[in-house]
Amino acid sequence: MKLMNYDTRTLIYRNVRYPQAILPKNQTKRQYTILCRLIRQKKITKQSFDILLLELFGISDWKQLNYSQMYEIIFILTHWDYQKVRL
């Protein structure tokens with residue numbers, strides 16, 4: 001696979017186990033808690049998390065995420081294939 005033929009969003013989604021998910025429109029207020037728990041459980045480094053934010057949304061501060069973007073990053077971190085690629 002040549003990396004130059006794909007954008008970074010496509011490359012990231014290729015490492016997700018369930019790439020065809022339907023995202024709900026209504027979001028919960030517990031997203032912050034869920035995100036923090038995922039980062040601790042999966043042992044995701046700050047550098048890796050910052051790279052994901054920058055490549056997916058073009059921002060460097062997670063506080064700038066809206067509800068749908070927060071849901072998307074939670075979905076990606078939950079379904080990421082950690083055996084294939086380590087964050």
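Below: a short report on this structure. For clarity, every value in this text was computed on a predicted model and none was experimentally measured.

1. Here we look at the overall build of the chain
Counting its regular elements, the chain contains four helices and zero strands. Element order for the chain, N to C, with α for helix and β for strand: α-α-α-α. The buried share of the chain, taken over its 87 residues, is 31%. Of the contacts made within the chain by residues no fewer than 6 positions apart, 70% connect residues no fewer than 24 positions apart. About 6,500 Å² of surface is accessible on the chain, with carbon and sulfur atoms providing 53% of the total.

2. Looking at the packing of aromatic side chains
All told, the structure shown has one aromatic pair when counted by the stated rule. A ring pair is formed by Tyr 32 and Trp 62, whose centres lie 5.3 Å apart and whose planes are at 25 degrees; its orientation type is stacked. Taken together, the residues Tyr 32 in helix 2 (residues 31-42) and Trp 62 in the loop between helix 3 (46-57) and helix 4 (67-79) connect sequence positions 30 residues apart.

3. A few points about the nonpolar core
Membership of the largest hydrophobic core comes to 20 residues, with the highest contact counts inside it found for Leu 35, Phe 49, Phe 57, Leu 65, Ile 73 and Leu 77. Listing elements by their share of this core, those giving two or more residues are helix 2, helix 3 and helix 4.

4. Focus on the packing of helix 3 against helix 4
For the pair helix 3 and helix 4, the least separation of the axes is 12 Å and the interaxial angle reads 125 degrees. Taken as axis vectors, helix 3 and helix 4 run oblique relative to one another. Once helix 3 is placed against helix 4, the crossing between them reads as right-handed. Along its contact with helix 3, which presents Phe 49, Leu 52, Leu 53, Leu 56 and Phe 57, the element helix 4 presents Gln 69, Glu 72, Ile 73, Ile 76 and Leu 77.

5. Brief notes about helix 3
Residues spaced three or four apart along an α-helix point in a common direction, a consequence of the helix completing one turn every 3.6 residues. Helix length check: helix 3 (12 residues) gives 16 Å between terminal C-alpha atoms against 16 Å at 1.5 Å per residue, within 8%. All of the buried residues in helix 3 are Ser 48, Phe 49, Leu 52, Leu 53, Leu 56 and Phe 57. Along helix 3, the residues classed as buried sweep out an arc of 140 degrees about the axis, all on the same side. In the core, the buried residues of helix 3 are packed alongside helix 1 (8-13), helix 2 and helix 4.

Calculation criteria
Residues numbered from 1 in each chain as written. Predicted model: local features only at pLDDT ≥ 70, side-chain atom pairs only at ≥ 80, totals over all residues. Heavy atoms only, no water. Helix = DSSP H or I, 4+ residues; strand = E, 2+ residues; numbered from the N terminus. Buried < 20%, exposed > 50% of the residue type's maximum accessible area, 1.4 Å probe, protein only. Contact = heavy atoms within 4.5 Å. Areas by Shrake-Rupley, 256 points an atom, 1.4 Å probe, with all protein chains shown as cover. Phe/Tyr/Trp six-rings, centres within 6.5 Å; stacked < 30°, edge-to-face > 60°. Core = buried A, V, L, I, M, F, W, Y, C linked by side-chain atoms within 4.5 Å. Axes fitted to C-alpha atoms, helices over the stretch in contact; angles between N-to-C directions. Parallel < 35°, antiparallel > 145°, perpendicular 65-115°, else oblique. Left-handed = near helix turned anticlockwise from the far one by under 90°. Expected span 1.5 Å × (residues − 1). Arc of directions from axis to C-beta.

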